[in-house]
Amino acid sequence: MVRIRVLVVDDHRIFAESLAAALAAEPDVDVSAAGSGPAAVRSLERAAAEGRRFDVLLVDADLGGTAPGVRPAVPVKEVGEDGLVDGISLVAGVRSAQPGVRTVVLAEKDDPRRAALALQAGACGWVAKDCSLSRLLTVIRGVLRDETHLPPALLTGVLRELTAARKHRTESEQLVESLTPREREVLRCMVAGLGRKAVAERLFLSPHTVRTHMQNVLGKLGVHSTLAAVALARRAGVGPADLAGDVVERGGQLA
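Residues numbered from 1 in each chain as written. Predicted model: local features only at pLDDT ≥ 70, side-chain atom pairs only at ≥ 80, totals over all residues. Heavy atoms only, no water.

Looking at the pairing of strand S3 (residues 56-60)
What counts here: Burial classification: accessible surface area is computed with a 1.4 Å probe over protein chains only, and a residue below 20% of its type maximum counts as buried, one above 50% as exposed, and the rest as partly exposed. By definition, any uninterrupted DSSP run of H or I lasting at least four residues is a helix, any uninterrupted run of E lasting at least two residues is a strand, and each is numbered from the N terminus. For two strands to be treated as a pair, DSSP must find at least two bridges joining them.
With 5 of 5 residues buried, S3 lies mostly within the body of the structure. Two elements, strand S1 (residues 4-9) and S3, share 4 bridges in a ladder whose sense is parallel. Considered in S3, the bridge of Val-9 is made with Val-59. With 5 bridges connecting them, S3 and strand S4 (residues 102-107) associate as parallel partners. In the strand pairing of S4, Leu-58 is matched with Val-104.

Structure, rendered in structure tokens:
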């Protein structure tokens with residue numbers, strides 16, 4: 001019998017343990033529980049190192065007590081020992097680090113916007129916490145067949161949210177495309193969290209030149225702050241500069 005390895009991630013201990021116990025009663029399910037994002041990361045990494053990766057992650061949408069979508073998704077490798085990470089950020093991190101793991105978000109209530117965020121982060125399903133065990137097992141087995149599961153009542157709202165998100169992404173992409181190659185490099189440094197002086201050192205430019213590039217970036221993107229520019233860049237799919245490995249051209253055409 002092929003067994004399904006499930007990790008329940010919820011900071012409500014009684015709920016996590018009760019759900020884990022119910023799932024463990026199934027003959028084809030092995031289940032573990034974690035009470036926080038960092039604990040889940042440790043469990044995932046340990047299982048991968050031992051050659052017994054989890055198949056499905058059941059994640060509390062309200063993990064950490066923060067509202068998903070307020071901050072950027074955090075890669076698993078960057079989650080600190082004591083840092084909180086919300087459920088949807090954990091989903092995104094797991095998708096990046098262990099794409100073979102299917103994730104399902106467990107929610108107290110249906111919310112089209114948050115469900116859309118979960119799907120964008122890489123979740124395969126959104127399930128009510130008070131659903132029946134048989135329903136949850138159907139979802140678990142379904143996502144392993146590459147199915148996506150949403151409550152029927154959420155479908156219209158989620159599609160609307162995803163369509164709006166795609167429109168905003170397209171508009172953001174067009175704005176980013178208006179930047180010069182050097183301005184895009186500066187923007188990637190901004191996404192990486194570098195200040196003006198650090199950008200200048202990295203790109204071998206003067207702080208004055210970097211300030212001019214940053215002002216041009218803000219103007220072309222139609223925003224008034226670095227935070228707004230970074231948010232728009234992320235919507236457009238612009239990643240941070242690789243601070244360890246990028247080779248930057250000195251001067252030349254890009255300056």
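Here's the deal with the packing of helix H7 (residues 181-191) against helix H8 (residues 196-203)
Formally: Only the stretch in contact is used when fitting a helix axis, every axis being a line fitted to C-alpha atoms; angles between N-to-C directions are given from 0 to 180 degrees. Oblique is the label for any angle not covered by the other classes, which are roughly parallel (under 35 degrees), roughly antiparallel (over 145) and roughly perpendicular (65 to 115). Working rule for handedness: look at the near helix, and if it is turned counterclockwise from the far one by less than a right angle, call the crossing left-handed; if clockwise, right-handed. We call two residues in contact whenever any of their non-hydrogen atoms come within 4.5 Å of each other.
Between H7 and H8, the shortest axis-to-axis distance is 10 Å and the interhelical angle comes to 130 degrees. Taken as axis vectors, H7 and H8 run oblique relative to one another. Handedness of the H7/H8 crossing: right-handed. Counting all contacts with H7, which are made through Arg-182, Glu-185, Val-186 and Cys-189, the residues of H8 involved are Val-199, Arg-202 and Leu-203.

Details of the pattern of salt bridges
As a reminder, the rule being used: Just to be clear on terms, a salt bridge is a Lys or Arg side-chain nitrogen sitting within 4 Å of an Asp or Glu carboxyl oxygen.
With the rule as written, the count across this model stands at 13 salt bridges. Asp-10 is paired through a salt bridge with Lys-129; the nearest N and O atoms lie 2.7 Å apart. Of this pair, Asp-10 sits in the loop between S1 and helix H1 (13-24) while Lys-129 sits in the loop between strand S5 (125-128) and helix H5 (133-143); the two residues are 119 residues apart in sequence, bridging distant segments of the chain. Ionic pairing is found between Asp-62 and Arg-114, a salt bridge with its closest N-O pair at 2.7 Å. Taken together, the residues Asp-62 in the loop between S3 and helix H3 (87-97) and Arg-114 in helix H4 (residues 112-121) connect sequence positions 52 residues apart. Exposure remark for Arg-114: the relative accessible area of 13% places this residue in the buried category. Put simply, Asp-10, Asp-60, Glu-108 and Lys-129 are held in one network by salt bridges that share partners.

Examining the sheet that holds S4
Hydrogen bonds along the backbone pair up the strands of a sheet, which may run parallel or antiparallel. One open sheet holds the 5 strands; their spatial order is S2-S1-S3-S4-S5, and the pairing between them is parallel. Both edges of this open sheet fall to strand S2 (29-34) and S5, since each of them pairs with a single strand only. Each strand axis lies, on average, 25 degrees off the axis of its neighbour in the sheet, ignoring direction. With 6 bridges joining them, S1 and S2 adopt parallel strand pairing. Directly across from Leu-7, in S2, lies its bridge partner Ser-32.

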